[in-house]
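Here is how the chains run, residue by residue.
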Amino acid sequence: AMGVPDRKLFDFPFTVDNDRFMSAAIMTDDERQAFRGRLGVHDERPIVLFASKFTPGKNPAHLICAQRMLQARGRDFHLVLAGAGEMETELRSLATANPDLSIHFPGFFNQSELPRLFGACDIFSLPARAEAWGLVINEAMCAGLPIVASQEIGAVTDLVRQGVNGATHRAGDIDGIAEALEM
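Residues numbered from 1 in each chain as written. Predicted model: local features only at pLDDT ≥ 70, side-chain atom pairs only at ≥ 80, totals over all residues. Heavy atoms only, no water.

1. What about the state of the cysteines?
Between two cysteines, a covalent bond joining their sulfur atoms is known as a disulfide.
Alright, step 1. Taken as a whole, this structure holds 0 disulfides when the rule is applied.
Alright, step 2. With no disulfide of its own, Cys121 lies 16 Å from the sulfur of Cys142, the closest cysteine sulfur.
Alright, step 3. Here Cys121 falls in the buried class, since its relative accessible area comes to 3%. (Disulfide = S-S within 2.5 Å. Buried < 20%, exposed > 50% of the residue type's maximum accessible area, 1.4 Å probe, protein only.)

Next comes the structure, spelled out in structure tokens:
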């Protein structure tokens, strides 16, 4: 292929094991309650989940800002920020500065635990500046979660249908994030 020797070419499937994600995300009510408890959630309010690296390009702080806007409008929910990364201290400080918001940091989840994490939550949100694709969106959809994500993510164009299985917003538009979460 184009002068590259065959020994230097290899398949690199960029896919999700849909069946595994779908079946592993199914939980009994008791299992779901227990997992929600592990996240620090002990009531029935919905959970908006961010599960990705805590990096500036993923814009996790924008979800806290949107949550603050929505709380002021009487929309109360839990925000679970699952993961780790360079912004963790900043995000935790922002959460501490907003004690009236329900923000939880359950830590990093490995691949085998992700289906149950998704299954315990109600909405998946990725407000990233840009992603070539964003496989985590496929994974969250396999668990049946509606998606709220920025239009600059490759997967969003193909997979997220406004008002059908989620809502979209422009990256960096906190009003737009809040509006999308309200749908």
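2. Here we look at helix H8 (residues 174–182)
Alright, step 1. Taken residue by residue, H8 has Gly176, Ile177, Ala178, Ala180 and Leu181 as its buried positions.
Alright, step 2. For H8, the secondary structure elements touched by its buried residues are strand S1 (47–51), helix H3 (60–72), strand S4 (123–126), strand S5 (147–150) and strand S6 (166–169).
Alright, step 3. Capping the start of H8 is the job of one residue whose side-chain oxygen sits 3.3 Å from the backbone nitrogen of Asp175: Asp173. (Helix = DSSP H or I, 4+ residues; strand = E, 2+ residues; numbered from the N terminus. Contact = heavy atoms within 4.5 Å. Polar contact = N/O pair within 3.5 Å; in protein donor to acceptor, adjacent residues only side chain to side chain.)

3. Here's the deal with the pairing of S6
Alright, step 1. Of the two faces of S6, the one holding Gly166 and Thr168 and the one holding Ala167 and His169 are both buried throughout.
Alright, step 2. As judged from the 4 bridges shared by S5 and S6, these two strands associate in the parallel manner. Residue pairing for S6: Ser150 is matched across the bridge by His169. (Pairing = 2+ DSSP bridges.)

4. Some thoughts on the nonpolar core
Alright, step 1. Leu39, Leu49, Leu117, Phe118, Phe124, Ile137 and Leu181 are the most contacted members of the largest nonpolar core, which has 55 residues in total.
Alright, step 2. Apart from the residues within four sequence positions on either side, Ile137 is in contact with Phe124, Leu126, Ile147, Ala149, Ile153, Ala155, Val156 and Leu159. (Core = buried A, V, L, I, M, F, W, Y, C linked by side-chain atoms within 4.5 Å.)

5. Details of the side chain of Ser52
Alright, step 1. As for its placement among the helices and strands, Ser52 is situated in the loop between S1 and H3.
Alright, step 2. On the accessibility criterion, Ser52 (16% relative accessible area) is buried.
Alright, step 3. Those residues in contact with Ser52 that sit more than four places away from it in its chain are Lys58, Ala82, Gly83, Ala84 and Leu126.

6. Focus on the pattern of salt bridges
Alright, step 1. In this structure the tally under the stated criterion is 11 salt bridges.
Alright, step 2. The salt bridge involving Asp122 is made with Arg36; its shortest N-O contact spans 3.2 Å. Separated by 86 residues along the polypeptide, Asp122 in the loop between helix H5 (114–120) and S4 and Arg36 in helix H2 (residues 29–38) bring together distant segments of the chain.
Alright, step 3. With a closest N to O distance of 2.8 Å, Asp43 and Arg45 form a salt bridge.
Alright, step 4. By relative accessible area, Asp43 is classed as partly exposed at 26%.
Alright, step 5. The structure contains a network of salt bridges with shared partners spanning Arg32, Arg36 and Asp122. (Salt bridge = Lys/Arg side-chain N within 4 Å of Asp/Glu carboxyl O.)

7. So, the packing of H3 against H8
Alright, step 1. Running from N to C, H3 and H8 point in directions that differ by 65°, and their axes come no closer than 9 Å. For the pair H3 and H8, the crossing hand works out as right-handed. Listed contacts from H8 to His62, Leu63, Cys65, Ala66, Met69 and Leu70 of H3 are Ile174, Asp175, Ile177, Ala178, Leu181 and Glu182.
Alright, step 2. For the contact of H3 with H8, a count of residues per class yields 9 nonpolar, 1 polar and 2 charged. (Axes fitted to C-alpha atoms, helices over the stretch in contact; angles between N-to-C directions. Left-handed = near helix turned anticlockwise from the far one by under 90°. Nonpolar A, V, L, I, M, F, W, Y, C, P; charged D, E, K, R; others polar.)

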